[in-house]
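Spelled out from the first residue to the last, the chains are:
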Amino acid sequence: MGPGDGPLDCSDWRVRRSRSAVEAGFHLDVPADEGAGTVDSVQRLTIAYKVRTVRIGVQATALVLLVLGAWVGLPGHPPINLVGYAVLMLMAAAGAAIAYLVVPWERLFLAGWGDPAMYVWSVLDIVLITLLAPCAGGANSPVLLLYPLTTVFFAVSYPEGGQLALLGLTFGSYLTLCALSSAPIPAADIALRMGALAIVWFIARFLSAERTQEMRANLDSMALAEHRADLLAAVNRAQAAISVLDPEQVMSRVVDSLVGIGFEIAVVYGLDTGLSCRVLCSVGAPKGFVEAAHSSSEGMVGLVLRSGQTEILRDYSANPLALPALKNLGLQAVIAAPIRVFGQIVAVLVAGETHRQELPGSDVEAFDILASQVGRALENARTYQMEQNLADQASADSLTDCLTGIGNRRQAEALLATLAQGDALVMIDLDRFKDVNDSLGHAAGDDVLCQVAEYLRTAIRDVDQVVRYGGEEFLVILHDVGEGALAAAQRLHEGWQALDPTTSFSAGVAVHADSLSDAALTVEHADIALYLAKEKGRDRVRRYEPGLGAEAGAKT
């Protein structure tokens, strides 16, 4: 952007988002956060242009001094006051050196003093030329040809008001010089010279304006490209978050992405039952607003629920639908889109900003995509949860005895793998269960199995387990009972007897030696003790002791 056309509007979205593109083309030595607040892209571009203008001006001054120095040594020039001429030349050289080597132009512009310093410099140049002319020919001096050079410089360096002021100063200086001249200057010559100077200014101003428009167009193109890249990156980040299957993380990334592409506030409302909604995730919203419950019939949420589509409000703060807590933020453009899960609106995504009322189509499209990304993430999460529940149910079914509702042989194998030292196994077998089936029928036998299972399930501790091991056999795992295993098993036996059951049961007890022992061996010991209990007359409990294996083998 050229200073000759005045400053650009720094609130323009394309301008605010072109920082990287600007910095790629213009280098500025001052950090962005130094000086008077944060430096936006337009300010950095403007300062970079003005600093380059200053440097070109200094270089041009050096060339002018070389030409003026050589001009004095050539024949044919008018009479020259060498002392005055030399003093003014030295002053001009010193001023150029100070401007180039000493003056911190970047910092001056950041602090707001750069433009006044440039105006002072231009005024001094005009005055210096005006003082130099009497030393080398007066009002007709060829030195006055330098006026057009200063005119070109201020035409490309200042806004139009400043240009006209400096042009007026130039005219005034020239007219003063003519008025003080000892030799009369024809009015036609004065008018021609001033007219030529005005034409130079007009042409330089035109070229500067054209350059300004070109730079504006380049800035717009860079900003638009960067903005589209930001939108694509935001969508990609949200797309990547979907695979996480964490709705909260997806919503957090989406609202962060919206802030990253220029929105100052982003909120995800979750719809509750009835007419209420709550903030699930937000950036930029007041704390009290986030924590409060809201009506789903008000504000942008109500607008979206009534239309079922994306809605945009311009000048939100002046709209009757604006919520008081958000109205105070001075929001202008506010957009809201429904978040659907399996076709139903379950949430609403809302975003707003304070610096513009119109949203370009690319922003609206990206916003809709981000809202759909949240909906897809919620769908994925719910689908995964349903599948997980079904898998858990299927897994539970595979470990459950379909008749009694307790664990089956497969679950028993899993539990046996976790046996620790001090755990005990109680192998239970119903006595004469075949007689029950033969005399009362299999339905009665099934009822007995269910009664035993229910009794054992309620009689053991919460830390213990019972499974149907097979047929009329049950396996009870008593954790950390040690030497109390036999007494615990006897209490189970006595409790069953007290119910006056259709049939009794016999039980064998074995204590797991240590964590390195084979669980199958402990099961074998419990089975041996059960066998001997039945041999002793049934309806009793027997604990495994070393040597019982030989006794059971002999009986077999």
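Anything mentioned here points back to the structure above.
Residues numbered from 1 in each chain as written. Predicted model: local features only at pLDDT ≥ 70, side-chain atom pairs only at ≥ 80, totals over all residues. Heavy atoms only, no water.

> So what's going on with the side chain of Thr 522? Which residues, and what values?
Relative to the assigned elements, Thr 522 resides in helix α19 (residues 519-535). Ignoring sequence-local partners within four residues, the contact set of Thr 522 consists of Leu 425, Ala 510, Val 511 and His 512. (Helix = DSSP H or I, 4+ residues; strand = E, 2+ residues; numbered from the N terminus. Contact = heavy atoms within 4.5 Å.)

> Help me get a handle on the pattern of salt bridges, residues and values and all.
If you walk through the whole model with that rule in mind, you get 15 salt bridges. Between Glu 413 and Arg 409 there is a salt bridge, with its nearest N and O atoms 3.3 Å apart. On the criterion of helical spacing, the pair formed by Glu 413 and Arg 409 is a turn pair, its members being four residues apart in helix α15 (residues 409-416). The exposure class of Glu 413 is partly exposed, given its relative accessible area of 41%. One salt-bridge network, in which partners are shared between bridges, spans Asp 429, Asp 431 and Lys 534. (Salt bridge = Lys/Arg side-chain N within 4 Å of Asp/Glu carboxyl O. Buried < 20%, exposed > 50% of the residue type's maximum accessible area, 1.4 Å probe, protein only.)

> Give me the packing of aromatic side chains: which residues, what numbers.
Applying the stated criterion across every chain yields a total of nine aromatic pairs. Centre to centre, the rings of Tyr 269 and Phe 289 are 6.3 Å apart; their planes meet at 90°, and the pair counts as edge-to-face. With Tyr 269 in strand β1 (residues 265-271) and Phe 289 in helix α11 (residues 287-291), the pair connects residues that are 20 residues apart, well separated along the chain. Taking the relative accessible area as the measure of exposure, Tyr 269 reaches 4% and is therefore buried. Connected via pairs of aromatic rings, a cluster forms that spans Trp 105, Phe 109, Trp 121 and Phe 153. (Phe/Tyr/Trp six-rings, centres within 6.5 Å; stacked < 30°, edge-to-face > 60°.)

> An account of the environment of Met 427 is needed here, citing residue identities and associated values.
Examined against the element boundaries, Met 427 turns out to sit in strand β7 (residues 424-430). Its relative accessible area of 1% is what places Met 427 among the buried residues. In the structure, Met 427 is positioned 114 residues away from Val 541 in sequence and 9.6 Å away in space, judged by C-alpha atoms.

> Requested: an account of the sheet that holds β7, with residues and values cited.
Reading across from one edge, β8-β9-β7-β10-β11 is the order of the five strands in this open sheet, with mixed pairing throughout. Taken across any chain shown, the strands that pair with only one partner, and hence form the sheet edges, are β8 (465-470) and β11 (541-543). On average, each strand axis in the sheet is tilted by 20° relative to the strand beside it, whichever way the strands run. (Pairing = 2+ DSSP bridges. Axes fitted to C-alpha atoms, helices over the stretch in contact; angles between N-to-C directions.)

> Mind laying out the nonpolar core, listing which residues take part and the relevant values?
Counting residues in hydrophobic clusters, the biggest one holds 48 residues, and the most contacted among them are Leu 68, Tyr 85, Trp 105, Val 143 and Tyr 174. When residues of this core are traced back to their parent elements, those giving at least two are α3 (41-72), α4 (82-102), α5 (105-111), α6 (114-132), α7 (147-155), α8 (160-180) and α9 (187-242). At eight residues, the largest contribution of residues to this core is made by α3. If near-sequence neighbours (up to four positions away) are discounted, Tyr 85 is found in contact with Leu 68, Trp 71, Val 72, Ile 80, Leu 132, Cys 135 and Ala 136. (Core = buried A, V, L, I, M, F, W, Y, C linked by side-chain atoms within 4.5 Å.)

> Give me the lowdown on the sheet that holds β1, citing residues and values where you can.
In space, the six strands of this open sheet follow the order β3-β2-β1-β6-β5-β4, with antiparallel pairing throughout. Looking at which strands have only one partner, the edges of the open sheet turn out to be β3 (294-295) and β4 (311-313). Where strand β2 (residues 276-283) meets β3, two bridges bridge the pair, whose relative direction is antiparallel. Bridge assignment links Cys 277 to a residue of β3, and that residue is His 294. The sheet strands contacting helix α10 (residues 247-260) are β1, β2 and β6 (344-353), and the helix crosses β2 at an angle near 60°.

> Now, about the pairing of β2: what can you tell me, with residues and values included?
Note: β1 against β2, six bridges, orientation antiparallel. When the bridges of β2 are listed, Tyr 269 appears paired with Val 279. Count of turn residues in the β1/β2 antiparallel hairpin: four residues, of which Gly 274 carries a positive phi of about 80°.

> Hey, could you go over a nonpolar patch on the surface for me, with residue numbers and the actual values?
Taken together, the side chains of Ile 199, Phe 202, Ile 203, Phe 206 and Leu 207 define a hydrophobic patch exposed on the protein surface, amounting to about 520 Å² of accessible area. Residue position: Ile 199 is located in helix α9. For Ile 199, a relative accessible area of 51% puts it in the exposed group. (Patch = residues over 30% accessible without salt bridge, like charges linked within 9 Å, V, L, I, M, F, W, Y side chains within 5 Å. Areas by Shrake-Rupley, 256 points an atom, 1.4 Å probe, with all protein chains shown as cover.)

Read these as spatial facts, not as claims about activity.
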